[in-house]
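Structure assessment
Here is how the chains run, residue by residue.
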Amino acid sequence: MKATIKAIKDKYSIELPKNTLSKLKVKDTDDVEVDIVNNELIINDIKIKELTIEERLNIRSIQNNFKKLDWGEV
């Protein structure tokens with residue numbers, strides 16, 4: 001992702017791409033908390049979209065990237 005730092009009077013802003021804002025469900029007027037931890041920019045206080053159970057089960061990540069899940073007997 002590419003971001004732009006812009007000077008506005010005595011403050012600076014970080015301009016994020018529109019597709020990143022839409023994925024994060026953040027509007028261009030929303031206030032968020034920004035921290036720098038270990039040279040990484042962390043954006044907090046983002047309104048995250050509620051997921052359905054199906055969406056939660058289908059999310060792939062390092063922790064749950066399995067080809068096949070065996071839930072055993074119910």
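The following refers to the structure shown. (Residues numbered from 1 in each chain as written. Predicted model: local features only at pLDDT ≥ 70, side-chain atom pairs only at ≥ 80, totals over all residues. Heavy atoms only, no water.)

1. Quick notes on a nonpolar patch on the surface
Residues Ile 5, Tyr 12, Ile 14, Val 32, Val 34, Ile 36 and Leu 41 make up a contiguous nonpolar surface patch of about 730 Å² in total accessible area. Within the residue set of the nonpolar patch, elements represented by two or more residues are strand E2 (11-15) and strand E3 (33-37). Looking at the secondary structure, you find Val 32 in the loop between helix H1 (18-24) and E3. Take Val 32: its relative accessible area is 34%, and that puts it in the partly exposed class. (Patch = residues over 30% accessible without salt bridge, like charges linked within 9 Å, V, L, I, M, F, W, Y side chains within 5 Å. Areas by Shrake-Rupley, 256 points an atom, 1.4 Å probe, with all protein chains shown as cover. Salt bridge = Lys/Arg side-chain N within 4 Å of Asp/Glu carboxyl O. Helix = DSSP H or I, 4+ residues; strand = E, 2+ residues; numbered from the N terminus. Buried < 20%, exposed > 50% of the residue type's maximum accessible area, 1.4 Å probe, protein only.)

2. Regarding the pairing of E2
Here strand E1 (residues 4-8) pairs with E2 via five bridges, running antiparallel. For Ile 5, the partnering residue across the bridge sits in E2 and is Ile 14. Adjacent in sequence and paired antiparallel, E1 and E2 are bridged by two residues, among which Lys 9 carries a positive phi angle near 55°. (Pairing = 2+ DSSP bridges.)

What is shown is where atoms sit, not what they do.
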